[in-house]
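Reading the structure
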Amino acid sequence: MEPCPLCFGAAIMSNIRSIKYAARDGWAGGINLKNDYINRKPIKIEGPFAILEDIQIAIQSVYELTIDGVNIIIESFSKTSPRGVKLGNYLYENAILTKLLNNNVESEEIFNTINQLYMEM
């Protein structure tokens, strides 16, 4: 699945010629961007990128678990990013993001911490 064209509508109409995205989102409207209209445009679309996808899905999974526990959104993430969901569950169960945020840790350090945990999985 590709990201929803609504997310990139302005980009397509404003002569942007390169789009990179980290993760697919099977829940919020991912569809194939490689349609006849876009294929006529000189737009290069790249993604997803495995590590970034898993980290993005992990963070989103923590959010979903925080607001609603196990749910159909996380189930949809599992189809394309099972490792990201596994990491998200670990982050949630150990309150890692909460601790980092409560300690005002910079976003770069948060990313590096999550990336390190990802590499250790």
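Note that the coordinates shown come from a computational prediction; the quantities given were computed from them, not determined experimentally.

1. Re the packing of aromatic side chains
For the coordinates displayed, the defined rule picks out zero aromatic pairs. Here arginine 83 stacks its cationic end above the ring of tyrosine 118, 4.0 Å away from the centre of that ring.

2. Re the nonpolar core
Residues Leu87, Leu91, Ile110 and Ile114 are the most contacted members of the largest nonpolar core, which totals 13 residues. Looking at this core, the elements with two or more residues in it are helix 3 (50–68), helix 5 (82–93), helix 6 (96–102) and helix 7 (107–120). Per-element accounting of this core gives the leading share, four residues, to helix 7. If we skip the residues at most four places from it in the chain, isoleucine 110 touches Leu97, Leu100, Leu101 and Val105.

3. Structural notes on the pattern of salt bridges
Evaluated as defined, the whole model comprises three salt bridges. In this structure, glutamate 46 and lysine 20 form a salt bridge, with 3.9 Å as the shortest nitrogen-oxygen distance. Placement of glutamate 46 in strand 2 (residues 44–46) and of lysine 20 in strand 1 (residues 18–20) is noted, with a sequence separation of 26 residues between them. Residue classification places glutamate 46 among the partly exposed residues on the basis of a relative accessible area of 24%. By relative accessible area, which is 57% here, lysine 20 ends up exposed. Note that arginine 24 is salt-bridged to glutamate 53, the shortest N-O span being 2.8 Å. Placement of arginine 24 in the loop between strand 1 and helix 2 (36–39) and of glutamate 53 in helix 3 is noted, with a sequence separation of 29 residues between them. Classification of glutamate 53 as buried rests on a relative accessible area of 4%.

4. A short note on unusual backbone geometry
Cis geometry marks the peptide bond from glycine 47 to proline 48; its omega dihedral reads -5°. When you line up the elements, proline 48 lands in the loop between strand 2 and helix 3. The phi torsion at alanine 95 lies on the positive side, around 50°, for a residue other than glycine. Within the secondary structure, alanine 95 sits in the loop between helix 5 and helix 6. Note on alanine 95: relative accessible area 27%, which makes it partly exposed.

5. A few points about the environment of isoleucine 110
For isoleucine 110, the position within the fold is in helix 7. Isoleucine 110 gets classed as buried once you look at its relative accessible area, which sits at 11%. Placed 10 residues apart in sequence, isoleucine 110 and leucine 100 show a C-alpha to C-alpha distance of 6.8 Å.

6. Regarding the packing of helix 3 against helix 5
Direction vectors running N to C along helix 3 and helix 5 enclose 50°, while the axes themselves pass 7 Å from each other. On the basis of their axis angle, the class for helix 3 and helix 5 is oblique. Judged by the twist between their axes, the crossing of helix 3 over helix 5 is right-handed. Residues Asp54, Ile57, Ala58, Ser61, Val62, Leu65 and Thr66 of helix 3 lie in contact with helix 5, whose contacting residues are Arg83, Gly84, Val85, Leu87, Gly88, Asn89, Leu91 and Tyr92. Here the residues of the contact of helix 3 with helix 5 are counted per class, giving eight nonpolar, five polar and two charged.

What counts and how
- Residues numbered from 1 in each chain as written.
- Predicted model: local features only at pLDDT ≥ 70, side-chain atom pairs only at ≥ 80, totals over all residues.
- Heavy atoms only, no water.
- Phe/Tyr/Trp six-rings, centres within 6.5 Å; stacked < 30°, edge-to-face > 60°.
- Lys NZ or Arg CZ within 6 Å of the ring centre and 35° of its normal.
- Core = buried A, V, L, I, M, F, W, Y, C linked by side-chain atoms within 4.5 Å.
- Buried < 20%, exposed > 50% of the residue type's maximum accessible area, 1.4 Å probe, protein only.
- Helix = DSSP H or I, 4+ residues; strand = E, 2+ residues; numbered from the N terminus.
- Contact = heavy atoms within 4.5 Å.
- Salt bridge = Lys/Arg side-chain N within 4 Å of Asp/Glu carboxyl O.
- Axes fitted to C-alpha atoms, helices over the stretch in contact; angles between N-to-C directions.
- Parallel < 35°, antiparallel > 145°, perpendicular 65-115°, else oblique.
- Left-handed = near helix turned anticlockwise from the far one by under 90°.
- Nonpolar A, V, L, I, M, F, W, Y, C, P; charged D, E, K, R; others polar.

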